[in-house]
Every structure is written in C-alpha cells, then in structure tokens.
Amino acid sequence: MAVDLPVVSAAYEARRAHREGSKLPEVWALLDRVCDPEIPVLSLWDLGVLNDIEHKDGQLVVTITPTYSGCPAMQTMREDIEAALRQSSIESFVVRETLSPAWSSDWISPEGRGKLTAYGIAAPKSCDSCQGAALDDGVLCPHCGSSDTRLTSEFGSTACKALFQCQACQEPFDYFKPI
Amino acid sequence: MNDKILQYTIRLGDDSIILGQRLSEWCSNAPFLEEDLALMNVALDYVGRARMYYGYAAELAADGRSEDDFAYMRDQREFSNLLINELPKGDFAYSMLRQLFVDVFNILFLPRLAESSDDRLAAIAAKAIKETRYHLRRSHEWTLRLGRGTDESRQRAQHAIDDLWGYTHEMFDLDALESELAASGIGVDNASLRAEWENQVGAILDEAELKIPEQQWAVKGGREGYHTESLGHLLNEMQSVHRACPGLEW
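Residues numbered from 1 in each chain as written. Chains lettered and ligands numbered in written order. Predicted model: local features only at pLDDT ≥ 70, side-chain atom pairs only at ≥ 80, totals over all residues. Heavy atoms only, no water.

Caption draft 1: Here's a closer look at the pattern of salt bridges. All names here are of chain B. As enumerated under the stated definition, the model contains 25 salt bridges over all chains in all. Linking Asp75 and Arg243 is a salt bridge whose minimum nitrogen-to-oxygen distance equals 3.3 Å. Here Asp75, found in the loop between α3 (67-72) and α4 (92-113), pairs with Arg243, found in helix α9 (residues 230-244); they are 168 residues apart in sequence, far enough to count as distant. Residue Asp75 is classed as partly exposed on the basis of its relative accessible area, which comes to 43%. Since its relative accessible area comes to 35%, Arg243 is described here as partly exposed. Because the salt bridges share partners, they merge into one network encompassing Arg11, Asp15, Asp175, Glu178 and Arg223. (Salt bridge = Lys/Arg side-chain N within 4 Å of Asp/Glu carboxyl O. Helix = DSSP H or I, 4+ residues; strand = E, 2+ residues; numbered from the N terminus. Buried < 20%, exposed > 50% of the residue type's maximum accessible area, 1.4 Å probe, protein only.)

Caption draft 2: How the structure looks around the nonpolar core. Among the nonpolar cores identified, the biggest contains 131 residues, and Leu31 of chain A together with Leu97, Phe101 and Trp197 of chain B are the most heavily contacted of them. In terms of residues, this core owes the most to one element, α4 of chain B, which gives 15 residues. Sequence-distant contacts of Leu97 of chain B, that is, excluding residues within four places in its chain, are made with Thr143, Leu146, Ala157, Ala160, Ile161, Leu164 and Leu205 of chain B. (Core = buried A, V, L, I, M, F, W, Y, C linked by side-chain atoms within 4.5 Å. Contact = heavy atoms within 4.5 Å.)

Caption draft 3: Structural view of the packing of aromatic side chains. Applying the stated criterion across every chain, the model contains 17 aromatic pairs over all chains. Aromatic pair Trp28 of chain A and Trp45 of chain A: ring centres 5.5 Å apart, planes at 85°, arrangement edge-to-face. Placement of the pair is Trp28 of chain A in helix α2 (residues 25-31) and Trp45 of chain A in helix α3 (residues 44-47), with a sequence separation of 17 residues. Judged by centre distance (5.4 Å) and plane angle (20°), the ring pair of Phe105 of chain B and Phe109 of chain B falls under stacked. Placement of the pair is Phe105 of chain B and Phe109 of chain B together in helix α4, with a separation of four residues, close to one helical turn. Across this residue pair, the class does not change: Phe105 of chain B and Phe109 of chain B are buried. Pairwise contacts between aromatic rings join Phe101, Phe105, Phe109, Trp165, Phe172 and Trp197 of chain B into one cluster. (Phe/Tyr/Trp six-rings, centres within 6.5 Å; stacked < 30°, edge-to-face > 60°.)

Caption draft 4: Local environment of the packing of helix α5 (residues 119-147) of chain B against helix α8 (residues 194-207) of chain B. Residues and elements named next belong to chain B. It is the contact of α5 with α8, at a shortest axis distance of 8 Å, that shows an interaxial angle of 35°. Touching His140, Thr143 and Leu144 of α5 are Ile204, Leu205 and Glu207, all from α8. Per-class residue counts for the contact of α5 with α8 are three nonpolar, two polar and one charged. (Axes fitted to C-alpha atoms, helices over the stretch in contact; angles between N-to-C directions. Nonpolar A, V, L, I, M, F, W, Y, C, P; charged D, E, K, R; others polar.)

Caption draft 5: The arrangement of the sheet that holds strand β4 (residues 121-122) of chain A in detail. Residues and elements named next belong to chain A. Strand order in this open sheet of four strands is β4-β7-β6-β5, and the pairing throughout is mixed. At either end of the open sheet lies a strand with only one pairing partner, and these are β4 and β5 (149-153). As paired elements, strand β6 (residues 161-166) and strand β7 (residues 172-176) share five bridges and run antiparallel to each other. Bridge pairing links Ala162 to Tyr175 in β7. (Pairing = 2+ DSSP bridges.)

Caption draft 6: Representation of the interface of chain A and chain B within the structure. Listed as interface residues are 26 residues of chain A and, on the opposing side, 22 residues of chain B. Together, Ser69, Leu99 and Phe155 of chain A form the three largest contributors to the area buried by chain A at its contact with chain B, with a combined 35%. Where chain A packs against chain B, one counts one salt bridge. (Buried area = accessible area lost by both parts, 1.4 Å probe.)

Caption draft 7: Seen up close, the environment of Gly187 of chain B. Residue and element names in this part refer to chain B. For Gly187, the location among the structural elements is in the loop between α7 (176-183) and α8. Taking the C-alpha atoms as reference points, Gly187 and Phe109, separated by 78 residues in sequence, lie 9.9 Å from one another. Setting aside residues up to four positions removed in sequence, Gly187 forms contacts with Tyr8, Leu181 and Ala182.

Caption draft 8: Inspection of the environment of Asp91 of chain B at higher detail. Residues and elements named next belong to chain B. Tracing the sequence through the fold places Asp91 in the loop between α3 and α4. In this structure the C-alpha to C-alpha distance between Asp91 and Ala30, which are 61 residues apart in sequence, comes to 9.7 Å. With residues up to four places along the chain from it excluded, the contact list for Asp91 reads Trp26 and Arg156.

Caption draft 9: Highlighting the packing of helix α1 (residues 2-24) of chain B against helix α2 (residues 33-61) of chain B. Residues and elements named next belong to chain B. Relative orientation of the contacting elements α1 and α2 amounts to 160°, with a least axis distance of 7 Å. Taken together, α1 and α2 sit at an angle that is classed as roughly antiparallel. Handedness of the crossing formed by α1 with α2: left-handed. Partitioning the contact of α1 with α2 into residue classes produces 20 nonpolar, six polar and two charged. (Parallel < 35°, antiparallel > 145°, perpendicular 65-115°, else oblique. Left-handed = near helix turned anticlockwise from the far one by under 90°.)

Caption draft 10: Local environment of the environment of Asp173 of chain B. Residue and element names in this part refer to chain B. Along the chain, the position of Asp173 falls in the loop between α6 (151-168) and α7. For Asp173, the residues in contact, after removing those within four places along its chain, are Glu178 and Lys220. Here Lys220 takes part through its side chain, which lies 3.0 Å from a polar atom of the side chain of Asp173. (Polar contact = N/O pair within 3.5 Å; in protein donor to acceptor, adjacent residues only side chain to side chain.)

Caption draft 11: Spatial organisation of the side chain of Asp36 of chain A. Residues and elements named next belong to chain A. Mapped onto the fold, Asp36 is located in the loop between α2 and α3. Of the side chains with opposite charge, Lys161 lies nearest to the buried Asp36, which makes no salt bridge, at 7.7 Å. A polar side-chain atom of Asp36 sits 2.6 Å from the main-chain amide nitrogen of Glu38. Setting aside anything within four residues of it in sequence, one finds Asp36 in contact with Leu42, Leu44, Leu47 and Met77. (Lys, Arg positive; Asp, Glu negative; His and termini not counted.)

Caption draft 12: A look at α8 of chain B. Residues and elements named next belong to chain B. Helix length check: α8 (14 residues) gives 20 Å between terminal C-alpha atoms against 20 Å at 1.5 Å per residue, within 8%. Considered for burial, the residues of α8 that qualify are Trp197, Val201, Gly202, Ile204 and Leu205. Burial along α8 is one-sided: seen end-on, the buried residues are contained in an arc of 165°. α8 presents Ala195 and Asp206 as exposed residues on the side facing more than 90 degrees away from its buried surface. For α8, the elements touching its buried residues are α4, α5 and α6. (Expected span 1.5 Å × (residues − 1). Arc of directions from axis to C-beta.)

These results come straight from atomic positions and should not be treated as a statement about function.
This is how it looks when you write it as structure tokens:
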C-alpha cells in the first residue's frame, strides 16, 4: 500500500509560526474546536481558514480567509466561530474576512491532511506548481492507497472537491483540489 | 476617482452575477449528474465573485446600499454587464462555448487586474484566477469533445460559435471610464488582451476542428445599459423573491 507522506508546505510553516507567536494561545485552542460544516473532521485551523487572532482596540479580532469565492459554508463557519466565542463568555469581538493573500490548499495542516484521508477524501497535491497542471496525475485512493485512480469529474459535491474512482478497489472518492 | 472605481466594480459584479445566474438555470437540467454538479460549481464561483465585487461596491458607495441592493434592486437599464453573459443558456454546446470564450478572457484579464493599484480589486482577481484555471480546463476539454465528437455535436458547437462570435468583440471595447482607469493603473486595458485571446481561442478551436466564423458583425451596449431582450427575463426571475419580500432573512 502506498503511503501519502505528510507534506509540510512552506505556506503552512508560515501559518504555524504566526500562530506560535500569538499572545492568545487559549483563544486559538478554543477555536480549534470549530470545524468545517461540510468536512466535520477538519478544524478551521486545519483547513487554513482561521489565520489570525489578535486584540485590537479593546476587542478580539478573528481573521478568516474564504476557500472558494462562492463557498456557502463561509457563513456557517463565521456563525460557528461567533457561537464558540460567546460560549466562552467572549462578547467583544469581530470576525473579519480577508481575501488577500488568497487561500491555498497548501495552507491545510499536516494533521488536516491525515484527517482528510482517514475521512475518505484524498488530500491535495502541493500547489507550488499546480497552475494549469492536469488534475488526475497520481492521486492516491484514500481507501486502499492505490495510485491506479481515474478522474470522473473535475467538480464534486462541493466547490473544493473533484470526483475520482479507484480502479483497484472500485470505490469512488472525493479529491480535495489543489488551488 | 472613487465614483469611477465604483462604476467599474459594479460592471465586474454585473458580469459575474448575470453569468452565474444564467449558468444556474442548468441546475437539474444538465445532461448527466457530474455535469450538473460541475455547472453549479462554476455558477457558484461566479455568484461568489459577484458578492465580492458588490460587497466592495457597497463600501465604496457608502450610501447605505448593500450587496443585495446591487443584485436585486436595480432594473435592466442599470445593469452594465457585457451582453455575452446574458444570452440564453441555449443547448449544452452553446453554454460550453460561451464558457470557453469567457474563460479564456478571464485567464488573460484576471492576472492583469491582480496587478491593479486598487488593493481590493487586486485581491478579488487573485482569488478568482485560481477558480478560472479550473473553469478553462473544463470548457477546453468540452470544446474538443463536442468538436470532434459526432456530426450532431460538431454542428451544435459550430452553430454556438457562429451565434456567439459577434458578442465577443464587446469584451475588448473600452469606453472613456475604462480607458481612464486603465491609464491610471486601476483597471485593465482590455483591448490589449485581444490578440492573445484570439490566439488562444483560435488554437483551441483548431484543435477541436471548429471554425472561427467569417462574418464581421459585432453587438455592444451592455456597459451603457442597452441590453438584449434576454436580460429582463433573467432579472425578473432572479429578483422576484427579493422584491416580493423585501428585507426577508432566512
């Protein structure tokens, strides 16, 4: 069985270093409990959506980056963050969306990649050179690990995924697209 | 200048929402399930893009209007989208060939807009370009399959090209506002994209054994609010719920 080795991208390293330099580790830990509504094993941190937490002018500022332009889950993510903060009696806060720099699948944490695969979704390839590259090159089946897989559709059940089928175990699966 | 950036941003938002709405008419009507999902994914990207542009427009306008007001509370003379986006969905070949023309345009336009001196427009473009790469890969592949498929699919694809071609010229036509914004590094000089667009589209059509029509007619007017009869019907459907129940939330 082929193993999808954890990939630590430079982009993720930068995110992790930023988080470790934060003065609010307890809020980061609190928001680690907020997960993607569509892929509930993945926290917003793992997904790369949660990118900054700071105190500014007496209130907490949480910065999130949308994955896809029209992703309907963004509103739910925002509400879930707000609910988690209120539950911890944090009342003075703002959740702010930023477009720049644009979200990349390279921001997904190594843990998140492992969780995706365990959940049955193939983790994305590195996006350093993914511009315009063919999607169906050596994607590993999350069920049996075979590289004998076939693209069925570039677009899947949500904006972030493509549809694949494994030729070895015959199982269909989602592939998280590299962007 | 602020007002000019506002107008420009609304135009880009209008292009996005009208094409997104048009594509969404395929929902549950596509030839097969995967294609239904793909078309809705692309439609969603465009609606999302419209929200980013309209959201920025609402901030620039600073007159109490929200993104919803731009989408739902304007009439067709106030919409400034390019005509190619509002044309009916037609058959599947028609929709895919339109996507091809628009995708190649966006592949050239968005990287330039990403260099805009307006940070917000640059950020929206940098986000959208990633999605457009996927869109183009698919419309390119479909063009090949249609062009080199059966006689029927080739005829339909060629018919779509013949019908759409006259609407592609408007994409490269600059009015005074766009020329001024391009000169000041905020907007894009669309005219300068034309040669490369023709190059890339020509190569794909060649590969698909389809032809660029010889006819030399061109229609324009969208940026000034002069539209085809198709836009009113589209807006009527898109805006009906919002206008029937203003301010409704769910």
